[in-house]
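# Working through the structure, step by step
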Amino acid sequence: MTAHTKIPPQASETVQIPIEGMTCASCVGRVEKALSAVPGVLSASVNLATERAEVRIADSSVQPALIRAVETTGYTVPGKTIELAVDGMTCASCVGRVERALLAVPGVTGARVNLATEQATVEGTADVTALIAAVAETGYTAREVRQDTNEDETRATRKDAEQALLKRDLGLAAAFALPVFVLEMGSHVIPGMHALVGSTIGHGTSWLLQFALTTFVLAVPGLRFYTKGIPALLRGAPDMNSLVAVGTLAAYLYSVVATFAPGLLPAGTVNVYYEAAAVIVTLILLGRHLEARAKGRTSEAIKRLVGLQAKTARVRRDGSVLEIPVAEVAPGDIVEVRPGDRLPVDGEVVEGESYVDESMITGEPVPVAKSIGAEVVGGTVNQNGALAFRATAVGGDTMLSQIIRMVEAAQGSKLPIQALVDRVTMWFVPAVMTLAALTFGVWLIWGPDPALTFGLVNAVAVLIIACPCAMGLATPTSIMVGTGRGAEMGVLFRKGEALQLLKETRVVALDKTGTLTEGKPALTDLELADGFERDDVLAHVAAVEALSEHPIARAIVEAAEAEGLTLPAVEGFNSVTGYGVEATVAGARVQIGADRFMRKLGLDTGTFDRAAERLGDDGKTPLYAAIDGRLTAIIAVADPIKETTPEAIAALHDLGLKVAMITGDNARTADAIARRLGIDEVVSEVLPDGKVDAVKRLKGLGRLAYVGDGINDAPALAEADVGLAIGTGTDVAIEAADVVLMSGSLQGIPNAIALSQATIGNIRQNLFWAFAYNTALIPVAAGVLYPAFGILLSPVFAAGAMALSSVFVLGNALRLKRFAAPSPTDAPSQIRAAMSAAVPAE
């Protein structure tokens with residue numbers, strides 16, 4: 001088909017392609033010409049302003065060719081990220097196979113597959129249909145995951161249905177396998193039972209009954225292993241299902257021959273192993289069922305977050321209040337919330353006052369006061385008052401939706417430690433099948449009589465016990481539970497890799513303003529001379545400073561307003577350059593400035609020498625106030641240290657970390673803050689554009705995490721090994737960070753690092769178990785202990801041990817749900833004193 005072929009309108013579709021690198025009209029013409037020349041293109045229009053091409057094509061199979069055409073002309077099509085839900089994966093080898101298939105699709109630049117979430121994240125320019133087809137060729141099914149509530153509900157419904165089916169099949173398998181197990185194993189274990197079976201139903205009838213029951217177990221509840229495992233084996237890409245299928249079929253078919261054509265077997269080898277096949281299927285289904293339940297619990301954090309999304313909203317439209325689905329709320333709508341309601345979307349309060357529980361966002365339990373102008377977040381709970389707010393972010397743009405995406409992205413990511421698992425599991429299943437064949441051959445040639453029986457039993461045991469389920473689940477389940485627990489604590493890992501990097505952190509560098517401190521000047525000290533009242537003095541001083549635009553003056557005024565003081569009338573305001581300000585307030589002359597201003601006025605500041613010395617030690621510069629020629633007060637305005645800062649620094653020290661501070665303050669002030677807070681390293685007098693160089697220097701002390709909140713922190717956050725952004729900071733800083741602390745509390749820093757240490761430790765425990773288990777038990781299953789000790793591992797016990805390994809790994813990962821934030825030890829007295837201290841305003 002060419003671009004000029006006439007086709008019915010309904011047979012075409014229009015696609016939008018982003019294009020980077022175009023600078024002029026000739027670029028547009030070149031790209032349009034290249035696109036129009038692609039077979040299957042009906043029309044192509046390129047827009048330089050939007051940097052997009054709108055192409056009408058005959059069918060979606062043309063899309064890869066469109067991207068190649070653009071790239072051939074010298075321009076680039078920026079990659080996109082596609083999420084696929086992949087059904088049917090059961091072990092680490094499945095993961096590796098799907099990943100390799102996706103990476104082989106033209107246009108794919110990266111692919112990560114997660115067994116625990118059963119999702120694939122694909123980056124590049126490849127078409128979704130091509131990706132789904134590539135997954136299908138490996139024997140699994142895939143579909144695109146879209147970021148909306150319906151998709152989450154659909155996924156949850158599908159999982160519930162799968163678990164229900166698994167539970168039903170487990171019940172059937174157990175019911176039919178139990179008589180087989182009793183008939184066969186009971187005859188070997190229970191004295192007199194062998195004779196009882198022979199004298200009642202007869203051994204021949206017993207074998208026929210076992211055949212019928214086992215056939216049902218394999219053909220109904222166990223069918224899944226054969227429909228997936230055998231095709232995978234025929235494709236030359238065996239997986240866990242292949243191991244189970246080959247092992248159980250070998251035991252079953254051997255038993256069938258022994259039952260119906262015993263003459264085909266050598267003398268002394270006629271025996272049946274129906275119970276092995278039936279019980280193996282039952283035990284593996286039990287393991288799958290327990291695994292599915294545990295997997296569901298690993299994603300509870302996401303479920304809870306999704307559950308926080310309101311389903312409906314009360315919106316004012318056309319003079320009335322309508323209750324509509326939250327998906328229909330538009331930016332600018334006025335939304336009403338009653339006491340106890342969950343806020344449906346993000347917005348800005350326009351009416352009312354209330355307290356809102358924001359613990360689901362920040363992890364902080366204390367409700368936050370909201371009034372006109374305050375920002376509110378969808379998913380939080382209104383407490384006692386009625387509010388009306390203007391919707392500012394809806395749908396996927398709300399903070400809650402972004403948090404869900406962050407957590408899902410972190411849960412779906414791969415850590416560097418996973419690379420070892422991927423390398424091993426790529427060859428693991430084929431190696432196991434080779435080892436099973438070798439085991440069978442060795443026993444057949446050199447084993448004692450009946451050699452054929454010994455060879456079969458031990459080969460089946462090797463196949464069953466070597467299943468790499470535990471390997472595939474070891475890392476992703478710990479990541480899922482760890483990042484989910486972090487979200488509950490207000491610590492969001494935007495990148496899963498940060499989990500591993502944080503664990504290796506040796507130095508934590510903190511920006512000062514807005515990170516260690518509140519980021520806003522406030523009145524911290526006001527000491528009075530004898531004979532003066534605080535409210536009266538503060539009102540007079542604030543009245544004068546209200547006419548000044550200096551940040552320090554603003555802080556004094558805000559302090560007076562916060563205390564409910566009425567400011568008197570001011571006359572004759574005058575700024576005395578280099579000294580201070582003066583004015584007449586309610587008939588009294590008020591003068592405010594540095595000590596040199598007081599000396600110029602002939603006033604002795606000696607009575608405040610001790611206070612001035614203390615303020616100087618704190619790095620603060622004192623101001624003095626005089627009223628009607630009498631020295632009245634000493635004042636200090638500073639940027640208060642956050643209440644959580646001293647505790648957080650103490651907790652970081654408890655974790656064995658060095659703490660550094662980067663600030664633009666002069667060295668004297670910076671050293672005073674460092675002494676008060678117990679900070680180990682100080683980089684002072686840093687200009688805003690010098691933070692990156694400071695971070696580079698501090699990296700010489702070890703792997704470094706940088707914590708900041710402002711726009712000027714973004715480059716430093718990106719330069720650090722791990723960047724942590726205070727969630728109350730700017731969007732730019734948050735985008736540049738690897739970890740977001742949703743509350744302004746610095747306690748989130750030690751919490752994040754401790755959680756990282758706990759999660760990586762948990763992963764290492766899981767990997768040790770998975771690898772040690774296989775390393776130790778495969779030789780036992782092969783029979784290496786038989787010559788010396790006469791010990792063999794029954795295939796039934798091998799199936800039980802295999803199921804146990806996966807359940808152990810999942811159970812160990814779920815322990816992270818109980819992770820508790822580190823409690824700092826008692827801080828030194830100077831640290832505790834800093835709780836109420838402040839640092840000079842910049």
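Quick caveat: nothing in here was measured; it's all calculated off a predicted structure.

Along the backbone of the chain there are 31 helices and 30 strands. Residue burial in the chain is summarised as follows: out of 842 residues, 53% are buried. Counting contacts in the chain only where the partners sit at least 6 residues apart, residues at least 24 apart contribute 69% of the total. For the chain, the exposed area adds up to about 36100 Å²; of that, 57% sits on carbon and sulfur atoms.

The next subject is the packing of aromatic side chains. What the rule picks out here adds up to 12 aromatic pairs. Ring-pair connections join several aromatic residues into one group, and the members of that group are Phe211, Tyr252, Phe260 and Tyr274. Taking the ring centre of Tyr579 as reference, the NZ or CZ of Lys600 above it sits at 4.6 Å.

Moving on: a negative patch on the surface. Residues Asp604, Asp609, Glu613 and Asp617 make up a contiguous surface patch of negative charge. Assignment of secondary structure puts Asp617 in helix 22 (residues 609-617).

In a pair of packed helices, the angle between the axes and the distance between the axes together describe the arrangement. Relative orientation of the contacting elements helix 23 (residues 645-654) and helix 28 (residues 748-782) amounts to 25°, with a least axis distance of 8 Å. One element, helix 23, and the other, helix 28, form an angle in the roughly parallel class. The segment helix 23 lies against helix 28, with Ala648, Ala651 and Leu652 engaging Ile749, Pro750 and Ile753. Here the contact of helix 23 with helix 28 is built from residues that sort into 6 nonpolar, no polar and no charged.

Okay, the pattern of salt bridges next. Should their charged atoms come close, side chains of opposite charge can pair. Evaluation of the coordinates by the stated rule reveals 21 salt bridges. A salt bridge links Arg316 to Glu336; the shortest N-O distance between them is 2.7 Å. Of the two residues, Arg316 sits in strand 8 (residues 312-317) while Glu336 sits in strand 10 (residues 334-337), which places them 20 residues apart along the sequence. Residue classification places Arg316 among the partly exposed positions, given a relative accessible area of 31%. On the basis of relative accessible area, Glu336 is assigned to the buried category, the value being 19%. The partner of Arg703 in a salt bridge is Asp721, with the nearest N and O atoms 4.0 Å apart. With a gap of 18 residues between them, Arg703 in the loop between helix 25 (691-698) and strand 27 (704-708) and Asp721 in the loop between helix 26 (714-719) and strand 28 (722-726) connect regions that are remote in the sequence. Classification of Arg703 as partly exposed rests on a relative accessible area of 30%. The network of salt bridges with shared partners includes Arg314, Arg316, Glu336 and Glu351.

Strand order in the open sheet formed by 7 strands is 17-29-28-27-18-25-26, and the pairing between neighbours is mixed. Pairing within the sheet leaves two strands with one partner each, and these edge strands are strand 17 (491-493) and strand 26 (681-683). Across the sheet, the mean angle separating the axes of adjacent strands is 20° when strand polarity is ignored. Bridge count for strand 18 (residues 507-511) against strand 25 (residues 658-662) is 5 bridges, and the pairing is parallel. When the sheet's bridge partners are listed, Val508 is paired in strand 25 with Val659. Seen against the sheet, helix 25 touches strand 18, strand 25, strand 26 and strand 27 and runs at an angle of roughly 160° to strand 25.

Moving on, we get to the packing of helix 19 (residues 534-545) against helix 20 (residues 551-562). The contact between helix 19 and helix 20 brings their axes to 8 Å, and the two run at 135°. Viewed along their axes, helix 19 and helix 20 adopt a mutual orientation that is oblique. Note on packing geometry: the crossing formed by helix 19 with helix 20 is left-handed. Note on element contacts: helix 20 touches helix 19 through Ala553, Ile556, Val557, Ala559 and Ala560, opposite Leu538, Val541, Ala542 and Glu545.

This chain's UniProt record puts "transmembrane region" (unreviewed entry) on residues 170-187, 207-227, 239-260, 272-290, 424-446, 452-475, 767-786 and 792-814. Helix makes up 95% of residues 239-260 and strand 0%, and the two end C-alpha atoms of the span are 31 Å apart. Along residues 792-814 the backbone is 87% helical and 0% strand, and the end-to-end C-alpha distance reaches 33 Å.

What counts as what
- Residues numbered from 1 in each chain as written.
- Predicted model: local features only at pLDDT ≥ 70, side-chain atom pairs only at ≥ 80, totals over all residues.
- Heavy atoms only, no water.
- Helix = DSSP H or I, 4+ residues; strand = E, 2+ residues; numbered from the N terminus.
- Buried < 20%, exposed > 50% of the residue type's maximum accessible area, 1.4 Å probe, protein only.
- Contact = heavy atoms within 4.5 Å.
- Areas by Shrake-Rupley, 256 points an atom, 1.4 Å probe, with all protein chains shown as cover.
- Phe/Tyr/Trp six-rings, centres within 6.5 Å; stacked < 30°, edge-to-face > 60°.
- Lys NZ or Arg CZ within 6 Å of the ring centre and 35° of its normal.
- Patch = residues over 30% accessible without salt bridge, like charges linked within 9 Å, V, L, I, M, F, W, Y side chains within 5 Å.
- Salt bridge = Lys/Arg side-chain N within 4 Å of Asp/Glu carboxyl O.
- Lys, Arg positive; Asp, Glu negative; His and termini not counted.
- Charge placed at Lys NZ, Arg CZ, Asp CG, Glu CD.
- Axes fitted to C-alpha atoms, helices over the stretch in contact; angles between N-to-C directions.
- Parallel < 35°, antiparallel > 145°, perpendicular 65-115°, else oblique.
- Nonpolar A, V, L, I, M, F, W, Y, C, P; charged D, E, K, R; others polar.
- Pairing = 2+ DSSP bridges.
- Left-handed = near helix turned anticlockwise from the far one by under 90°.
- UniProt positions renumbered as here; feature names shortened; annotations may be inferred.

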